[in-house]
Every structure is written in structure tokens, then in C-alpha cells.
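# Summary of the model geometry
Residue-level listing of the chains:
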Amino acid sequence: MKRGSLRLRLGLAAAGLIALALVLAGVGLTLIFDRVLDARTADGLDRTAKLIAGQVALAPDGTLTLPREPPDSRFFAPYGGLYWQVDRQVDQQGERAGGPALRSRSLWDRGLGTVPDAAQEPAVGDLAGPDGGTLIAVTRRVSIPANGANAALAVTVAEDRRDLAESRATFLRLLVPSLGALFVALTLAMSLFVRRALAPFRTLRADLAAIHAGTRARLPETFPEEVRPLVADLNRLLDAQERDLERARTGAGDMAHGLKTPLAVLDALARRTEGRHPALAAEIAEQAQAMGRQVERTLARARAASGGLRRRACPVAPALARIVGALKRLPEGEALRWEIAAADELAFPGDEGDLTEILGNLLDNARKWAHRRIRVSGGMGGGEGRLVLEDDGPGMSEAAIAGIARGRRWDETRPGTGFGIAIARDLAEGAGARMQFGRSDLGGLRVEMRWPVPES
């Protein structure tokens, strides 16, 4: 894809938005995971707190006892990351009012605070750990009977957040590759979507290429609703161009008819004065002929320039056969060997009249200069149409070839030599073909025409 491609820009924009959305989704999922992890951890700690609260009792001397401690091994390892503690007489500020506290062996010689009162039981919050870490803690406040009264207790169970950080890291190790794979899948899907969305424009381009090639006159109306206004405008443009083309052809014809009479008068004057002033008559005749050829070339160039977008593709093989058949009946035509090998599918992107004039001028020039052979070959390949005309005559010099573009005659010894080739070149370029001149392996002139062929 090129730098200014709409598909590239849409693809990059889509990839950027997908990446942004996945980053935000990753952040959101991480936050949700943290909340869920905290909630599940707090729920597990609360179940342990309930288990402890259901077993704790007061001895006759007022000390707290716990017949069976929670079975988790981390409660028994010093600073094992999981802790519990039971306090008596907890005031509203969360400080133990009196009496020894009962705690897990993992606290070793340290103690836990309590989470401040919350609107709902249990109270959940963060506390400082015995080894300097941060704990997520749950405090559940209960009352147990003691000597005819109720004793207020605070049961706190806590877990080191570093253990939760490991779970979070594991989650991220799974989340990041998953989001990466999702990014690739969504980007590919979006690329296919963009390609599908731009398909009408590819179809439009192919239809326009068909109009250039002459295989279609108008754009179809089968495009999606969003593209249909553009198609309608292009069809109106094609219709307007067709009208301009017809006006240009009509004007060229009128001009040709308007100049025929003055040129015929000049020719008649030349013949009338030929007996009395032969030099003057010859000069007048020569200038009248030169004017006629220039008018012919100017009309051909005007016709070629008015071709516009809409062209009719013309098969080359039938036109070649017709022109060669006519040239064989001219002087020296029957004595030449004509080698014609043009593919049946070869089509020229112009009107039949333009193709006839191009081939007629080129083949007539070859007939005048060839010694024995004229060879014509053509075919399709590489997205181009190709037609090559060669003869075994003397050929043309580089200076003579350069003079064709300027409309000069390249040989004064034969009448009309050079103007026909210049006219053929103008018509070919007007149809979108490239014409190149060189020396043939037969020894004479080699003329090659190439033109683009739209993909089907």
C-alpha cells in the first residue's frame, strides 16, 4: 500500500484505536481483578475470623483460650504471611482496653491492630504487618458469655499483600499475551473489514478503466447508496464529454469542408497558369498540397484530443486485414511479402476510424520504402497491448525520427513522406498509446505501439 492510501490510513487509525481500547480494557480488567481479589481474600479471612470467633472462650482466670487453631500452616511459621489475633475490650478507637491478646504463632513477638469500625460487619482495611509489609485485614467484633456477663472481643485475621501481588503478576502474565493476541486478531479483522468497505471503490476504478479502454460506455448503477451520488456525477460528466466530443467532430468536419473549396481553387489556379508560368504554378501547387496536409494533420490532432475518457475499443486484426488488402492493390504492393500475425484478442483503445488512419499511414509508408518484406505482429501481455510494424527498407535516422514530433517531412524525395507518420503518432498518443521508432532486424524502420489494457 502506498503512503497516501486510504486503506493504509484507515488501517492505521483502526489499529491505533484498537490498541487504545485494549490498553484501557487491560487497565480496567486489572482494576477489576484487584477488586475481586481483595473481595475474595476478605471473604476467606472473614470465614477464618468466624471460625476463630466460634471457638474462642474465656478461662476462669479471664484469659482467652482457643481449643483448636486454624489449620493453615502459614499461621504457624514466623511471619508466614497469614495472621490472626483476638483482643478483649476494644474501644471505639480500635485500641485494646485490657487483658492479654490471643494471636497466631506467625506474629511471633508482634501484635496486630484492628480495623476501625465500619458500617457493615466485618470491617475490612489495611494494617501494618509484623515484618514491615502491608496486610489486608478483616476485623469481626463479637460478644461471648463470661461469668454471667458478655465479653466484647475483636477477632482480626490478616494476609500479606505480597502474596496477592504474586497472584496479580500471574494474572498480568496471562492478560498481556491474551490482549496482544486479541489485538492481532482484531487488526486482521479490521483490515478485512476496511478492504470489504473499500471494495466499491475498487469496482469503480475497474469500471472507469473499462471506460478508458472502450469496453463500457457508462458506470453501472449497482453501487451502494453512499457511492451512488459519485457514480451519478461521473455518468453526467461522461455524458457531457460525449456531447463535447460530438461537437468537436462536427466542427472538425465543418472545417475540413470549409477548407476544401479554397484549396481546390488554388490547385485550379496552379493548373491554369502552368503553361504561362510553370515555376509559379509548381510553387502554388506545392504550397496548396502542404496546406492540405497540415489541415489534415491539424484535424487529426483535434479529433484525437477530443477523445476524452470515453473510447471504443477496436479489434486490430480485422482492420489490419482490410488495410493490407487495399494496399496490395496499389503500385508495388503485390510484389511485397506481407507477414501479418496479430492476435485476435488485440484491441486498440480508439475509434475504428482512428485505428484505420494510424495503420493506413504507417503501412503505406512501409509500402513506399520496403524492398521485399513488411512484417506486422501484435498481442497482449503484461497488462499492455502491443503492435509492431517493420519493413526491410532503408529505415530512418535519429534526426528524422526526432523531426516527426515537430511535424516536419523527413524526406523531400517522395511526396507526403513524414506527414502520415506524424498524423499516426498524434492519433496514437491521443488514444493513450505510446509510439516508438527504431531500426528493425529486417534492416528498415521499426514502429512499436503500446497501450495499457485494464484488468478484467
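Reading the values: the criteria
- Residues numbered from 1 in each chain as written.
- Predicted model: local features only at pLDDT ≥ 70, side-chain atom pairs only at ≥ 80, totals over all residues.
- Heavy atoms only, no water.
- Pairing = 2+ DSSP bridges.
- Helix = DSSP H or I, 4+ residues; strand = E, 2+ residues; numbered from the N terminus.
- Axes fitted to C-alpha atoms, helices over the stretch in contact; angles between N-to-C directions.
- Contact = heavy atoms within 4.5 Å.
- Salt bridge = Lys/Arg side-chain N within 4 Å of Asp/Glu carboxyl O.
- Buried < 20%, exposed > 50% of the residue type's maximum accessible area, 1.4 Å probe, protein only.
- Phe/Tyr/Trp six-rings, centres within 6.5 Å; stacked < 30°, edge-to-face > 60°.

### Brief notes about the sheet that holds strand β9 (residues 337-342)
Here we have 5 strands laid out as an open sheet, ordered β9-β11-β12-β14-β13, and mixed in their pairing. Each having just a single partner strand, β9 and β13 (434-439) make up the two edges of the open sheet. With strand direction ignored, the average angle separating the axes of adjacent strands in the sheet is 10°. Two elements, strand β12 (residues 384-391) and strand β14 (residues 445-452), share 7 bridges in a ladder whose sense is antiparallel. The partner of Leu-387 across the bridge, within β14, is Met-449. In this fold helix α6 (residues 316-327) packs onto β9, β11 (373-381) and β12, with an angle of close to 170° to the strand it touches most, β9.

### Regarding the pattern of salt bridges
Scanning the entire structure with this criterion turns up 30 salt bridges. Put simply, Asp-46 and Lys-50 hold a salt bridge, and the shortest N to O gap is 3.8 Å. Of this pair, Asp-46 and Lys-50 are both found in helix α1 (residues 6-55), 4 residues apart, which corresponds to roughly one turn of the helix. A relative accessible area of 9% means that Asp-46 is categorised as buried. Where salt bridges share partners, they join Arg-375, Glu-384, Arg-386, Glu-390, Arg-434, Asp-441, Arg-446, Glu-448 and Arg-450 into one cluster.

### With respect to the packing of aromatic side chains
Per the stated rule, a full pass over the model turns up 2 aromatic pairs. Measuring from centroid to centroid gives 4.1 Å for Phe-33 and Phe-171, while their planes differ by 5°, and the two rings are stacked. Residue Phe-33 is located in helix α1, and its partner Phe-171 is located in helix α2 (residues 161-197); the two are separated by 138 residues in the primary sequence. An angle of 80° between the planes, with centres 5.3 Å apart, marks the rings of Phe-348 and Trp-451 as edge-to-face. Here Phe-348 is found in strand β10 (residues 347-348), whereas its partner Trp-451 is found in strand β14, with 103 residues between them in sequence. Note on Phe-348: relative accessible area 1%, which makes it buried. Exposure remark for Trp-451: the relative accessible area of 1% places this residue in the buried category.

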